[in-house]
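Residue strings, one per chain:
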Amino acid sequence: MSPNLPTKARLNFHHGEALLKFSDTYPTLSKSILEMIQNALDALAAHIYIKIDLKRREAVIMDDGEGITPEKFDEALSSIAKSVKSRKNKLGRFGLGLISPLKKVKQYTITSFPTGVNSPLEWVFNARQIGPQSDNVHIPVMPLSRVVPERCDWNVQATWRTIVKLTGITSDKVISMIDLDNFEDDLLANFGQAMRMNGAICLIELIDEQGKHQRREIKPKEYSGQPFPVVVYSGPDAGIVTFELYRSRSRSGKRRGIVNVRQEGDLFLLPWKNFVNQARGLGWADTTPAFEALGSGYLEGIVTAEKIRIASNLTKFEIN
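Quick notes on the rules
- Residues numbered from 1 in each chain as written.
- Predicted model: local features only at pLDDT ≥ 70, side-chain atom pairs only at ≥ 80, totals over all residues.
- Heavy atoms only, no water.
- Pairing = 2+ DSSP bridges.
- Helix = DSSP H or I, 4+ residues; strand = E, 2+ residues; numbered from the N terminus.
- Axes fitted to C-alpha atoms, helices over the stretch in contact; angles between N-to-C directions.
- Contact = heavy atoms within 4.5 Å.
- Salt bridge = Lys/Arg side-chain N within 4 Å of Asp/Glu carboxyl O.
- Buried < 20%, exposed > 50% of the residue type's maximum accessible area, 1.4 Å probe, protein only.
- Core = buried A, V, L, I, M, F, W, Y, C linked by side-chain atoms within 4.5 Å.

### Concerning the sheet that holds strand β6 (residues 162-167)
Inference 1: In space, the eight strands of this open sheet follow the order β5-β4-β3-β6-β2-β1-β7-β8, with mixed pairing throughout. The sheet is open, and its two borders are formed by β5 (141-143) and β8 (213-218), each paired with just one other strand. The sheet shows a mean angle of 10° between the axes of neighbouring strands, taken without regard to direction.
Inference 2: For strand β7 (residues 201-207) and β8, the ladder comprises six bridges, and the chain directions are antiparallel. Residue pairing for β8: L206 is matched across the bridge by Q214.
Inference 3: Helix α7 (residues 180-198) rests against β7 and β8 of the sheet, and its axis sits at about 20° to β8.

Okay, structure coming up:
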């Protein structure tokens, strides 16, 4: 090789545009709000209040967890593109959670007053300002004299330490539309275990584009149906696998039980349908009665495996 030729090619990328692309990991407003709930549960929140006003195109998420320190915020932003190696007793990827609303709203703020900090801080995210920044993206931050929470009509004793306010929610219905029943199912399917351990409840208000108001208090449901004997298998690939299953109760003439899969020692639950879709895509599962039954709604419960590992995107398990 000629001594005048470079031995390496430098890879450059546009940081602002990259952040906007990463935010697409969560394609809908519903997914972004679920990510905010993950962060609240990771901060050990006992109360999480969500108000989504599609008529006014705004939303707020408040929690009484530990709050976000400046150091944790900076660490989260620096970890956005990194794989999560250690998540023991953690649900989410805090960095991606911070940027997940980008492109879905005109602007959003994160205000937090953690214990041990002299004054609350507010970070401002604006996609139009972030997008053009090719290098060293800056997120404006300012100290506040106090935290002003959204009015919450529920009778709860909570000190709201972190408040996320979304303004200018997109009018694209594919992105912004939220069905409260589906939202509750997704919330409990993924985070029910953590909510049980935290003793957490979610208080949700949803106002649709016509002004119709819905309110719901969501608590993790204990499995109350008929229990089946616990079954334990052991094999070389997944290690010890434990099936703790119940016959789901009929509600309004339907059974909507959800079976979840998790790695041993992890709070995060992956719904059975996600697990089966991955297995079928790899040719590892067919339409056997067992696979169909576990996804039918007739059963609910948890399948825990010793050696499986959740992937960093939290939507599937690693191929190992």
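### Topic: the environment of N274
Inference 1: Assignment of secondary structure puts N274 in helix α8 (residues 272-281).
Inference 2: Sequence-wise, N274 and V261 are 13 residues apart; in three dimensions their C-alpha atoms are separated by 9.2 Å.

### Section: the pattern of salt bridges
Inference 1: Under the counting rule described, the total for this entry stands at nine salt bridges.
Inference 2: Its salt-bridge partner being K173, residue E209 comes within 3.6 Å of it at the nearest N-O pair. Here K173 lies in helix α6 (residues 173-176) and E209 lies in the loop between β7 and β8, a separation of 36 residues in the sequence.
Inference 3: For E209, a relative accessible area of 25% gives the class partly exposed.
Inference 4: In this structure, R256 engages D185 in a salt bridge whose closest nitrogen and oxygen atoms are separated by 2.4 Å. Of the two residues, R256 sits in the loop between β13 (254-255) and β14 (259-263) while D185 sits in helix α7, which places them 71 residues apart along the sequence.
Inference 5: Counted as one network, the salt bridges with shared partners bring together R57, K173 and E209.

### Considerations on the nonpolar core
Inference 1: In terms of nonpolar packing, the biggest core is built from 66 residues, with I37 and F125 touching the most fellow members.
Inference 2: In terms of nonpolar packing, the next biggest core, distinct from the first, is built from 10 residues, M62, C152, W154 and L203 among them.

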